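# Geometric and topological summary
Spelled out from the first residue to the last, the chains are:
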Amino acid sequence: VPTAPAAVAARPCAGPGGAAEAALLRHLCRKVRASGPVTVAEYMREALTNPAQGYYTRRGGIGDSGDFITSPEISQVFGELIGIWYISEWMAMGKPNAFQLVELGPGRGTLTEDVLRVFNQLASVLSKCDVSVHLVEVSPKLSEIQARMLTGGKVQPNPEDEPVYMKGISKTGIPIFWYRDIQDVPPGYSFYLAHEFFDALPIHKFQRTKKGWREVLVDIDPEVPDQLRFVLSPSSTPATENFIQPEETRDHVEVCPEAGVIVQRLACRIEKDGGAALVADYGHDGTKTDTFRGFRNHKPHDVLSAPGTADLTADVDFSYLRKMTQERTTTLGPIKQREFLKNMGIDLRLQVLLQNSRDTATREQLLHSYDMLMNPKKMGDCFNFFALLPHHRLVQADKKDKPELKSPLPPVAGFNELLLK
Ligand code: SAH
């Protein structure tokens, strides 16, 4: 990676693809020419969520016909088991009389749809509980798809400046609200869900050099018109000072401060109002280095080419998330997806579905999707589950003076075997 030159020669940027696709590249090139190379975080934010040209804003291609596939899109069983996780935690926490289900980055809305189906099937258990759904989504395009999936399209848009930009009622009669930011979701006892959300948030990248840590930046390639390239900052940047730990041993590090801020908000809310958060994503525990990558039409895509046309992603650093909770909550995991789903009873659920399906094609489909979710070489090992829970959920308040009140706390499902009482 070359070091950034002091000034970048002005050069027109047209870029490949259609006019709309080239617009984002042009916009980025203008920015670089005006004020120098941008951080990878700024590049990633623009490429994914630029209000006019970002990938999620315009395209957000999740599913077979899109750019990438996610577990909830592979099998309904995935979302059903997550629905059971929430019910099991709701029971373990003494069945509070209301909760909000808050999903960050709901994609096509499939996961919430599957969770709500379970809530509906277990309506007798939840009967006295007031449930509402709160979706945090920046993409107008995806929120439209979610509205169709969850409400059948019966939604009411709100004025632009309102924190709730849309509302509707689920097919099962539960109120649903849409927001752009977690801070706009009203306080209250909440179960949070973030599936393949944190990996889409912008990362900073750093490289160890002989002169110390340098930030990786995105610049215009002086040799090739219309092409971006990575360079190293000539000196350390504010991010280098703030985000690299003195005890760091790796030579290359990715940090996602936005993930840190959001996890901190979740931890504060859970500490104050109660609830739990379930985070599922690919990631590591502070060990990996260069994981920034792109996908388009289910194939790897050069992260710097045609920004806005491909999904960009980086592994989630769970050790960073844990640190950012600042011990406001207990954390569990990360544990592998195949272990979590196994603990949640996926094998039994598969058996029931196989017994209930008459035709071979459905049975094959069930087995195939089970393999996709569970096979260590597919999604079983690289995806992880991680949870935030109030401290009192795992460590009982001291009841020394009243030993008769002491009953063992139920184990947390998924991270242990499921016990529904
Ligand atoms: N959870 C879904 C979708 C994952 S894709 C699934 O597993 O299928 C990432 C999702 O996060 C998309 O819905 C995208 O529009 C949304 N997203 C990305 N950045 C966001 C941000 N900064 N704030 C809110 N949502 C965001």
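Residues numbered from 1 in each chain as written. Predicted model: local features only at pLDDT ≥ 70, side-chain atom pairs only at ≥ 80, totals over all residues. Heavy atoms only, no water.

Where an unreviewed UniProt entry is consulted, the chain appears under the name Protein arginine methyltransferase NDUFAF7, with the organism given as Furnarius figulus. As its UniProt record puts it under Catalytic activity (unreviewed entry), the chain is described as follows: "L-arginyl-[protein] + 2 S-adenosyl-L-methionine = N(omega),N(omega)'-dimethyl-L-arginyl-[protein] + 2 S-adenosyl-L-homocysteine + 2 H(+)". We quote the UniProt Subcellular location (unreviewed entry) comment for the chain here in full: "Mitochondrion". (UniProt positions renumbered as here; feature names shortened; annotations may be inferred.)

### Describing the overall build of the chain
Regarding its fold elements, the chain presents 14 helices and 18 strands. Each of the three principal axes of the chain carries a C-alpha extent, and together these read 75 × 55 × 45 Å. Counting only residues that meet the buried cut, the chain has 52% of its 421 residues in that class. Summarising the internal contacts of the chain: among those between residues at least 6 apart in sequence, 72% fall at separations of at least 24. Summing over all exposed atoms, the chain offers an accessible surface of approximately 19,300 Å²; the carbon and sulfur share of this is 53%. Here the chain contributes 49 positive and 52 negative side-chain charges, whose respective centroids are spaced 1 Å apart. (Helix = DSSP H or I, 4+ residues; strand = E, 2+ residues; numbered from the N terminus. Buried < 20%, exposed > 50% of the residue type's maximum accessible area, 1.4 Å probe, protein only. Contact = heavy atoms within 4.5 Å. Areas by Shrake-Rupley, 256 points an atom, 1.4 Å probe, with all protein chains shown as cover. Lys, Arg positive; Asp, Glu negative; His and termini not counted. Charge placed at Lys NZ, Arg CZ, Asp CG, Glu CD.)

### Thoughts on the packing of helix α13 (residues 346-356) against helix α14 (residues 360-374)
The N-to-C vectors of α13 and α14 enclose an angle of 165°; their axes lie 10 Å apart at closest approach. Classified by the angle between their axes, α13 and α14 sit roughly antiparallel to one another. The handedness of the crossing between α13 and α14 comes out as right-handed. Within the contact between the two elements, α13 uses Ile346, Asp347, Leu350, Leu353 and Leu354 and α14 uses Arg363, Leu366, Leu367, Tyr370, Leu373 and Met374. Among the residues forming the contact of α13 with α14, the class breakdown is nine nonpolar, no polar and two charged. (Axes fitted to C-alpha atoms, helices over the stretch in contact; angles between N-to-C directions. Parallel < 35°, antiparallel > 145°, perpendicular 65-115°, else oblique. Left-handed = near helix turned anticlockwise from the far one by under 90°. Nonpolar A, V, L, I, M, F, W, Y, C, P; charged D, E, K, R; others polar.)

### Observations concerning the sheet that holds strand β13 (residues 293-296)
With respect to topology, three strands assemble into an open sheet ordered β14-β13-β15, the strand pairing being antiparallel. Both outer strands of the open sheet, β14 (299-301) and β15 (311-313), are each paired with one neighbouring strand and no more. Taken over all neighbouring pairs, the strand axes of this sheet differ in orientation by 40° on average, direction set aside. (Pairing = 2+ DSSP bridges.)

### Section: the pairing of strand β8 (residues 204-209)
Strand direction decides the pairing type here: β8 and strand β11 (residues 252-255), joined by four bridges, are antiparallel. Paired with Lys205 across the two strands is Glu254, which belongs to β11. Of the strand pairs in this sheet, β8 and strand β9 (residues 212-220) are connected by four bridges, and their pairing is antiparallel. Note that in β9 the partner of Gln207 across the bridge is Arg214.

### Here's the deal with the site of the ligand
Looking at the ligand, there are 20 residues lining it, with Thr70, Gly105, Gly107, Glu137 and His195 nearest. One of the backbone nitrogen or oxygen atoms of Gly107 is found 3.0 Å away from an oxygen atom of the ligand. A distance of 2.6 Å separates an oxygen atom of the ligand from a polar atom in the side chain of His195. In isolation the ligand exposes 580 Å². Once the protein is present, 95% of that is buried. Its residues placed into classes, the shell around the ligand shows 10 nonpolar, six polar and four charged. (Near = heavy atom within 4 Å. Polar contact = N/O pair within 3.5 Å; in protein donor to acceptor, adjacent residues only side chain to side chain.)

### Observations regarding the nonpolar core
Within soluble globular proteins, side chains that are nonpolar tend to cluster in buried spots. Judged by nonpolar contacts, the single largest core of 63 residues is most densely connected at Tyr43, Leu104, Phe198, Leu228, Leu266 and Leu312. Of all the elements, helix α10 (residues 257-273) adds the most residues to this core, at six residues. If we ignore the near neighbours within four places in the chain, the residues touching Leu104 are Val136, Ile182, Leu193, Ala194, His195, Phe197, Ile262 and Leu266. The next biggest cluster of nonpolar side chains, apart from the first, holds 57 residues, and it includes Trp85, Phe119, Tyr165 and Tyr282. (Core = buried A, V, L, I, M, F, W, Y, C linked by side-chain atoms within 4.5 Å.)

### A short note on the environment of Leu142
Mapping Leu142 onto the fold places it in helix α8 (residues 140-151). By relative accessible area, which is 3% here, Leu142 ends up buried. Considered as a pair, Leu142 and Pro257 are 115 residues apart in the sequence and their alpha carbons are 24 Å apart. Those residues in contact with Leu142 that sit more than four places away from it in its chain are Tyr56, Gly60, Ile62, Gly107 and Glu137.

### Quick word on the pattern of salt bridges
Scanning the model with the defined rule gives 22 salt bridges in all. The shortest N-O distance in the salt bridge between Glu248 and Arg250 comes to 2.8 Å. Considered together, Glu248 and Arg250 belong to a single accessibility category, that of buried residues. The structure contains a network of salt bridges with shared partners spanning Glu80, Asp114, Arg117 and Arg349. (Salt bridge = Lys/Arg side-chain N within 4 Å of Asp/Glu carboxyl O.)

### Here's the deal with unusual backbone geometry
Look at the link from Gly333 to Pro334: it is a cis peptide, with omega at 5°. Here Pro334 is to be found in strand β17 (residues 330-336). The phi torsion at Gln326 lies on the positive side, around 50°, for a residue other than glycine. Residue class for Gln326 comes out partly exposed when judged on its relative accessible area of 46%.

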